[in-house]
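Examination of the molecular architecture
What follows is the residue order along each chain.
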Amino acid sequence: MDNLEKQLICPICLEMFTKPVVILPCQHNLCRKCANDVFQASNPYLPTRGGSLTSGGRFRCPSCRHEVVLDRHGVYGLQRNLLVENIIDMFKQESSSKPAPERKEGMPMCDVHEEEKINIYCVTHGVPTCSMCKVFGAHKDCEVAPITSIYQTKKTELSDGIAMMVGNNDRMQGIISQLEEACRAIEENGRRQKTLVCEKFDLLYSVLEAKKREMSQKVTAEQEEKVNYIRGLTRKYGDHLEESCKMVELGIQTMEEPEMALFLQNTKPLLKKLAEASSTAHLDKVERGYENMDHYTVDFNKEGKALRKDEDEDEEDEDGEAGTEEGEGAQTVSGGSAVTAASVEPPATQQSSSSPSAAKSAAST
């Protein structure tokens, strides 16, 4: 069969003869179309009238260089070689009875009709299929469309989804930068506020040393809790950004898929994943002012005045007042003018934006 196929190759197009096949006077065969191309190339200035020749022409056989003289009918005046045409038909019939060659990965075939290529798109079910499925198969009552039009629509939709994802990634990168800046601000504000608190407490160190340590620990605890919360949120945004970048890369790879049917098979789940990845509703947002730590303040003016007044009194009264002032000082630090409930307790906006444990800690403070 291989040797026979070599004998059925046209010397012009180098492919199997295409009917009708004409035989030249030298007994060589050509496709009529190829013979006409050679004839036209050999007689470029041959006069024509109404698209037909007015006189004959000549050309040389491409196999033996024998000169072929034609009448006014041109190559249409050459005799057809019906024997070669019949041999071609038998060869093709014999070739079709052989086992089907292995499929190429880039040309998906129908799962039901294995010999049919996927060439249409079922709009009803949203899947590519073959023409036989539309005529006889599961999609005969469905609405279908040319695969080329759906290919362009889905490709545009995927392109828009990728563009939206890239924009979301840029916004998330900006949010991450803001979160990192907020983390640094919280650390700096926490250190500064802790220093101020310590300076205030040093004025009454001998009396309020325990309270100073307690309040310092609370500032540190809230600082660490807020920093940990911000860092955890940063990691979440970073993970979401990484996932989005992977989706963008997958989308770009899918965009480069040249086969329309295979592209459409992968587009539907990919678009769904893109829509899910573009949503940031599940990620917490840090409200403005969350990084502030200045709700921890200390004011000992009242206690200072009381202590200076006590120094002018006699020793006996001073001893009595000392016990009273110690109780008042403890009460003031816990909820009085030294550290008021309003100054210690975080604002409502920060309580709502911080984690539950941070809000509970601030409320207890």
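Structure: above.
Here, residues in each chain are numbered from 1, in the same order as that chain's written sequence. A pLDDT threshold of at least 70 governs which residues receive local features in this predicted model, and a stricter bar of 80 or more applies before side-chain atom pairs are shown or counted, although totals over entire chains, interfaces and linings include all residues. Only heavy atoms go into the side-chain values, all of them from the structure, while hydrogens and water stay out.

Overview of the sheet that holds strand β7 (residues 79-80)
Quick reminder of the rule: Strands are labelled as partners when DSSP assigns at least two bridges between them. Every helix listed is a DSSP run of H or I at least four residues long, and every strand listed is a run of E at least two residues long, numbered separately from the N terminus.
The strand order across the open sheet built from three strands is β2-β1-β7, with neighbouring strands paired in antiparallel fashion. With one partner strand each, in any of the chains shown, β2 (29-31) and β7 form the two edges of the open sheet. When strand β1 (residues 21-23) meets β7, the two strands line up antiparallel, connected through two bridges. By the bridge assignment, V22 is partnered in β7 with R80.

Section: the packing of aromatic side chains
Basically, it comes down to this: Working definition: rings of Phe, Tyr and Trp (its six-membered ring) pair if their centres are within 6.5 Å, and the pair is stacked with planes under 30 degrees apart, edge-to-face with planes over 60 apart, and tilted otherwise. Classification of residues uses two cut-offs on accessible area relative to the type maximum, computed with a 1.4 Å probe and protein chains only: under 20% is buried, over 50% is exposed, and between them is partly exposed.
One pass over the structure, following the stated rule, counts three aromatic pairs. Arranged with centres 6.3 Å apart and planes meeting at 70°, the rings of F39 and F59 form a pair that is edge-to-face. In this pair, F39 is assigned in helix α2 (residues 32-42) and F59 in strand β5 (residues 57-60), connecting sequence segments 20 residues apart. Residue class for F59 comes out buried when judged on its relative accessible area of 2%. On the numbers, 5.2 Å between centres and 70° between planes, the contact of Y151 with F263 is edge-to-face. With Y151 in helix α5 (residues 147-202) and F263 in helix α7 (residues 260-277), this pair connects stretches of sequence that are 112 residues apart.

Thoughts on the pairing of β5
Burial along β5 is one-sided: the face carrying G57 and F59 is buried and the face carrying R58 and R60 is not. Sheet topology note: the β5/strand β6 (residues 67-70) ladder contains four bridges and is antiparallel. When the bridges of β6 are listed, G57 appears paired with L70. Hairpin connection, β5 to β6: the antiparallel pair is bridged by six residues, and R65 has positive phi, about 65°.

Things to note about helix α3 (residues 82-96)
Put simply, the rule reads: To estimate how far a helix should reach, multiply one less than its number of residues by 1.5 Å. Picture the helix axis, draw a direction to every C-beta atom, and the arc is the one those directions span. Every residue pair with non-hydrogen atoms within 4.5 Å of one another is taken to be in contact.
For α3, which comprises 15 residues, the first-to-last C-alpha distance of 21 Å matches the rise-based estimate of 21 Å (1.5 Å per residue) to within 8%. If you check which residues of α3 are buried, you get V84, E85, I88 and F91. In a view along the axis of α3, the buried residues occupy a sector of 120°, so they form one face of it. Exposed side of α3, more than 90 degrees from the buried face: L82, L83, M90 and Q93 are the residues found there. Tucked into the core, α3 has its buried residues touching α1 (2-7), β1, β2 and β7.

A few points about the nonpolar core
What counts, and what does not: In this text, buried Ala, Val, Leu, Ile, Met, Phe, Trp, Tyr and Cys residues form a nonpolar core when linked through side-chain atoms within 4.5 Å.
Formed by 23 residues in total, the largest nonpolar core has its most connected members in L8, F17, L24, L30, F59, L70 and I88. Breaking this core down by element, the ones donating at least two residues are β1, β2, α2, β6 and α3. By residue number, the principal contributor to this core is α2, which donates four residues. Counting residues in hydrophobic clusters, the runner-up holds 18 residues, among them Y121, I150, M247 and A261.

A short note on the sheet that holds strand β9 (residues 127-129)
Going by this rule: With axes taken as lines fitted to C-alpha atoms, and helix axes fitted only over the stretch in contact, angles between N-to-C directions fall between 0 and 180 degrees.
Overall, antiparallel pairing links the three strands, which are arranged β9-β8-β10 in an open sheet. Pairing within the sheet leaves two strands with one partner each, and these edge strands are β9 and β10 (144-146). Between one strand axis and the next, the sheet turns by 35° as a mean value, whatever way the strands run.

Concerning the pattern of salt bridges
The condition is simple: By convention in these notes, a salt bridge is any Lys or Arg side-chain nitrogen within 4 Å of a carboxyl oxygen on Asp or Glu.
In the structure shown here, the tally under the stated rule is 12 salt bridges. With a shortest N-O distance of 2.8 Å, E85 and R80 are connected by a salt bridge. E85 gets classed as buried once you look at its relative accessible area, which sits at 4%. Between K211 and E214 there is a salt bridge, and its shortest N-O distance comes to 3.5 Å. With a gap of three residues between them, K211 and E214 both fall in helix α6 (residues 205-255), about one helical turn apart. For K211, a relative accessible area of 28% translates into the label partly exposed.

What to know about the environment of S278
Structurally, the position occupied by S278 is in the loop between α7 and α8 (301-312). In sequence terms S278 and M247 are 31 residues apart; their C-alpha atoms lie 9.8 Å from each other. Beyond its immediate stretch of four places on either side in the chain, S278 contacts M164, M165 and N168.

Overview of unusual backbone geometry
Omega for the bond connecting K19 with P20 falls within 30 degrees of zero, at 0°, which places this linkage in the cis form. By the secondary structure assignment, P20 is in the loop between α1 and β1. One non-glycine residue with positive phi stands out, namely Q27, at about 75°. By the secondary structure assignment, Q27 is in the loop between β1 and β2. Positive phi values are uncommon outside glycine, yet R65 reaches one of about 65°. Tracing the backbone shows R65 in the loop between β5 and β6.

Examining the packing of α5 against α7
We apply this condition: Here roughly perpendicular refers to angles of 65 to 115 degrees, roughly parallel to angles under 35, roughly antiparallel to angles over 145, and oblique to all remaining angles. Left-handed describes a crossing whose near helix is turned anticlockwise from the far helix through less than a right angle; right-handed describes the clockwise counterpart. Amino acids outside the nonpolar list (Ala, Val, Leu, Ile, Met, Phe, Trp, Tyr, Cys, Pro) and the charged list (Asp, Glu, Lys, Arg) are all regarded as polar, and Gly is one of them.
In the contact formed by α5 and α7, the axes pass within 10 Å of each other and the chain directions differ by 30°. In terms of orientation, α5 lies roughly parallel with respect to α7. In this structure, the crossing between α5 and α7 has a hand that is left-handed. Residues I147, T148, I150, Y151, K154, K155, E157, L158, G161, I162 and M165 of α5 form the contact with α7, whose own contacting residues are M260, A261, F263, L264, T267, L270, L271, L274 and A277. Tallied by class, the residues present in the contact of α5 with α7 amount to 14 nonpolar, three polar and three charged.

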